[in-house]
Amino acid sequence: MRRVVVTGLGALTPIGLDAPSYWANLLAGTSGADFIQRFDASQFRTRFACELKGFDPAAHIDRRELRKMDPFTQYAIVAADQAIADAGLDKVAVDKDSVGVILASGIGGLQTFIEEMRGYTPGAPPRFNPFFIPKMIIDIAAGHISIKYGYRGPNYATVSACASSSHALSDGYLLVASGMAEVMIVGGSEAAINEAGVGGFNAMRALSERNDDPKTASRPFDKDRDGFVLGEGAGVLVLEAYEHALRRGARIYAEIVGAGLSADAHHITAPCAKGAALVMRRALRAASIGPEEVDYINVHGTSTPLGDIAETQAIKEVFGEHAHRLNISSTKSMIGHLLGAAGAVEAIATILSVYYQMVHPTLNHFTDDPECDLNYTFHQPVAREIRYALSNSFGFGGHNACIVFKRYVE
């Protein structure tokens, strides 16, 4: 197996429209939550979310092409452009047959589906946009990116709810490590802040309903947490064979040294500590490291009553006494839950933590939960040595993924 490194990052998030802005606002403890502007949410039980702010797709994509793209694809393309430029791939000659794209989404073109169905009247002649299906399907974002850049390597999407883009990272890592590709553009995108997205999650009682204080509504590991806050955006990473990166003098953010995958085999939505523990153990085994070598975990940390307890229990089971020496943080306390894009966007936070040797805080802690008693890095960022870090993602359906990042030292 070949060594695999991360050489490019791109991020569109509710607290920053590129990776440097995103990272700066994570360290500053900036909340991306506010009242929904995209539609009238006054009759919904949840009236707030973590929307992208100030994003103009027409500033990045030709207007004629925009008509063919759902917002989730627009987000994916812009984040991919950022990551490719950050890696310098747009400035050097690469074998495009050996560069692939895996771009995940949990839901895909939900906004397109809503708009098309609004125009349909039962009993009347159906009138659908010819781009309806190509705009909606989840694999189309990867297709657009490969077409734009001429990348002819492996090209597809992964779909596993909130673990979707962590599965994209895992697949990309394995494809490069095995020699099936030299470079993989991987990540995820989601654009589900609309009537169907908010209404559907409200019906499940999954979202926070703290309408009196949106900015503090995402409260991972707090005793009074009442659900997650819906977010949107995209995260894209460039994964590259180590020797390939060295030959072209690329900057290396971190090394990927392992990935774990598991299923809860338990319930479609209820969390399971057993599956979460299994995926972390598999990731550590794949990386050939012991639990005591890990310094930081970027947790799934959704701010749901049962989910945060299950993840805490799993960490204790895997790490034993060392669990209390870890720094842990939940990126979702600031950006909300980006669903299928969460894994990639949170992996970027993990990578930058390893790169800068800094742990971003978990916001909005007010009341201790006796069942959540680890070091969640509440309130303030912490500088510390980070040799190895984990990034956890768990999806509806019981899909679990864990990626292991190692600090790169020349």
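Just so it is clear, the model here is predicted, and its values are computed rather than measured.

Colleague: What's the story with the packing of aromatic side chains in this structure? I'm lost.
Modeller: Any two aromatic rings considered together are summarised by their centre-to-centre distance and by the angle between their planes. Tallied over the full model, the rule gives 14 aromatic pairs. Ring geometry for Trp 23 versus Tyr 356: centroids 5.9 Å apart, planes at 15°, classification stacked. Pair noted here: Trp 23 is in helix α1 (residues 19-28) and Tyr 356 is in helix α13 (residues 342-356), with a separation of 333 residues, a long-range link. Look at Trp 23 and you get buried, because its relative accessible area is 8%. Measuring from centroid to centroid gives 5.6 Å for Phe 55 and Tyr 75, while their planes differ by 75°, and the two rings are edge-to-face.

Colleague: Explain the pattern of salt bridges here, please?
Modeller: Side chains that carry opposite charge are capable of pairing whenever their charged atoms lie near each other. Following the criterion strictly, the structure yields 20 salt bridges and no others. Asp 97 is the salt-bridge partner of Arg 152, the closest N and O atoms lying 2.5 Å from each other. Separated by 55 residues along the polypeptide, Arg 152 in the loop between α6 (140-149) and β5 (155-156) and Asp 97 in the loop between α3 (71-87) and β4 (99-104) bring together distant segments of the chain. In this structure, the salt-bridge partner of Arg 118 is Glu 195, at a minimum N-O distance of 2.8 Å. Highlighted residues: Arg 118 in helix α4 (residues 110-118) and Glu 195 in helix α8 (residues 195-203), separated in sequence by 77 residues.

What counts as what
Residues numbered from 1 in each chain as written. Predicted model: local features only at pLDDT ≥ 70, side-chain atom pairs only at ≥ 80, totals over all residues. Heavy atoms only, no water. Phe/Tyr/Trp six-rings, centres within 6.5 Å; stacked < 30°, edge-to-face > 60°. Helix = DSSP H or I, 4+ residues; strand = E, 2+ residues; numbered from the N terminus. Buried < 20%, exposed > 50% of the residue type's maximum accessible area, 1.4 Å probe, protein only. Salt bridge = Lys/Arg side-chain N within 4 Å of Asp/Glu carboxyl O.

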